[in-house]
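Chain by chain, the residues:
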Amino acid sequence: MPNSGQHGGQPTIVSIAAHAGVSIASVSRVLNGQGARRDTTERVRRAAAELGYVPNAVARSLKDGRTRQLTFAIPDIGNPVYVAMVRAIQAVAKAAGYRLLLHSTEAVAEDELAVLRSLGDRTSDGLILVPIRITDDHLRALENAAGPVVVIGSLPPGTPVDSVRADSVAGAASAVRHLYRTGRRRIAFVNGPADTVPGANRAEGYRAALAECGLPYDERLVAHTEFGIAAGTAAAERLLAERPDAVFCANDQLALGASHALLSQGLRIPGDVAVAGMDDSSLARAAWPPLTSVDLGSSERGRRAAELLLDRLGGTPEGAPPGPRTTTAPPRLVVRASTAPPD
């Protein structure tokens, strides 16, 4: 068994130098990528491998000011939408030599603000944040962030960070128009909290599409609840008294819950009541019947957010990165068996 050091501990540049038969300075140059003669480089690398030397990431980060870590803060670690984002961000980060740290905020504003403040602790080089509410405290924290931040979501104009957003207004409207084209006229809406960014945007799209189709807005056909399967079931059960012929839901979790409520009452989907969701997550494809849903480009938004963040960390050939950039992922309606096909 190779001797890992003079006292049997972790190998050091001293023990590597002795094992390779070269100077300590030569070992330091090779391990720090500063260049050395080919034979010296080969001897040092072979000695390091034989001794089981592992570079000290902490020491390296102190030297170059980088942790080679990125943080991704999300509201709900169990939501398939965020799982898809994680996979996309992880792929981009790994290819660039970064590790990805995950943090579930549970959509608690103070937790999101704490993650923003933690950039000053140098635990990671940058942050991708998914807030579902944007408060004045968020805006101040984003403006004063100690490192680069990319937000996945809608931000007020002038916010000084990059963002990647989905066009939820257009996406919600496309789902309602589809339901109207299939002959539905009492289109109920199960939404998340009205004070959230996605809740407000999807409500706007719902109302705009009703007006476009010549249908009145009826508060009795609208329910606000938390984003989740059980909440969707409870909300749909309340709406059944209004005899809707379609239920549009602000995400796939709500739509899956609504489907459970309808089926438990002996109603046929889509024969009696059509159901449509948003996000086109794995839940939509796995549901029975499979859910019609609006694809908001979850993977694409994650990939683009990671690229924007890495661009900030690396700068541009011209010098400083450009000002705040906003990318919008266009929505795409995916029709499945939970609604009748369009005309």
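The model shown is predicted, which means the values in this text are computed figures rather than measured ones.

Q: Sorry, what's going on with a nonpolar patch on the surface here?
A: Where nonpolar side chains cluster on the molecular surface, the patch consists of I13, V14, I24 and L31 and spans about 280 Å² of accessible area. Looking at the nonpolar patch, the elements that each hand over two or more residues are α1 (13-20) and α2 (24-31). Relative to the elements of secondary structure, V14 occurs in helix α1.

Q: Would you explain the packing of α1 against α2 in this entry?
A: Axes are the key here: two packed helices are described by the angle between their axes and the distance separating the axes. Close contact between α1 and α2 brings their axes to 8 Å; oriented N to C, the two are set at 110°. One way to sum up the angle between α1 and α2 is to call them roughly perpendicular. Mapping the contact onto sequence places I13, V14, I16 and A17 in α1 and I24, V27 and L31 in α2. A class-by-class count of the residues in the contact of α1 with α2 yields seven nonpolar, no polar and no charged.

Q: How should I be thinking about the pattern of salt bridges in this particular structure?
A: Here the idea is simple: oppositely charged side chains can pair when their charged atoms come close. Tallied over the full model, the rule gives 17 salt bridges. Two residues, R332 and D295, come together in a salt bridge whose shortest N-O distance is 3.1 Å. Here the residue R332 occupies a position in strand β12 (residues 332-334), and D295 occupies one in strand β10 (residues 292-295), the gap between them amounting to 37 residues. A network of salt bridges, in which partner residues are shared, links D162, D311, R312 and R325.

Q: Honestly, the pairing of strand β2 (residues 99-104) in this entry has me stumped. Any pointers?
A: If a strand is regular, its side chains alternate between the two faces of the sheet. Here six bridges tie strand β1 (residues 69-74) to β2, and the two strands are oriented parallel to one another. Looking across to β2, one finds that A73 is bridged to H103. Handedness of the β-α-β unit built from β1, helix α5 (residues 80-95) and β2 comes out right-handed.

Q: I keep staring at the nonpolar core and nothing clicks. Help me out?
A: A general trend in soluble globular proteins is that nonpolar side chains are found buried together. With 46 residues, the main nonpolar core has I187, Y206 and F248 as its most contacted residues. In terms of residue count, the dominant contributor to this core is helix α11 (residues 252-264) (six residues). Apart from the residues lying within four places of it in its own chain, the contact partners of I187 are V176, L179, Y180, Y206, L215, L221, D245, A246 and F248. Core analysis: the second largest hydrophobic core is formed by 24 residues, V92, A93, I132 and V164 among them.

Rules used throughout
- Residues numbered from 1 in each chain as written.
- Predicted model: local features only at pLDDT ≥ 70, side-chain atom pairs only at ≥ 80, totals over all residues.
- Heavy atoms only, no water.
- Patch = residues over 30% accessible without salt bridge, like charges linked within 9 Å, V, L, I, M, F, W, Y side chains within 5 Å.
- Areas by Shrake-Rupley, 256 points an atom, 1.4 Å probe, with all protein chains shown as cover.
- Salt bridge = Lys/Arg side-chain N within 4 Å of Asp/Glu carboxyl O.
- Helix = DSSP H or I, 4+ residues; strand = E, 2+ residues; numbered from the N terminus.
- Axes fitted to C-alpha atoms, helices over the stretch in contact; angles between N-to-C directions.
- Parallel < 35°, antiparallel > 145°, perpendicular 65-115°, else oblique.
- Contact = heavy atoms within 4.5 Å.
- Nonpolar A, V, L, I, M, F, W, Y, C, P; charged D, E, K, R; others polar.
- Pairing = 2+ DSSP bridges.
- Right-handed = clockwise from strand over helix to strand, strands pointing away.
- Core = buried A, V, L, I, M, F, W, Y, C linked by side-chain atoms within 4.5 Å.
- Buried < 20%, exposed > 50% of the residue type's maximum accessible area, 1.4 Å probe, protein only.

Just distances and angles here, no functional claims.
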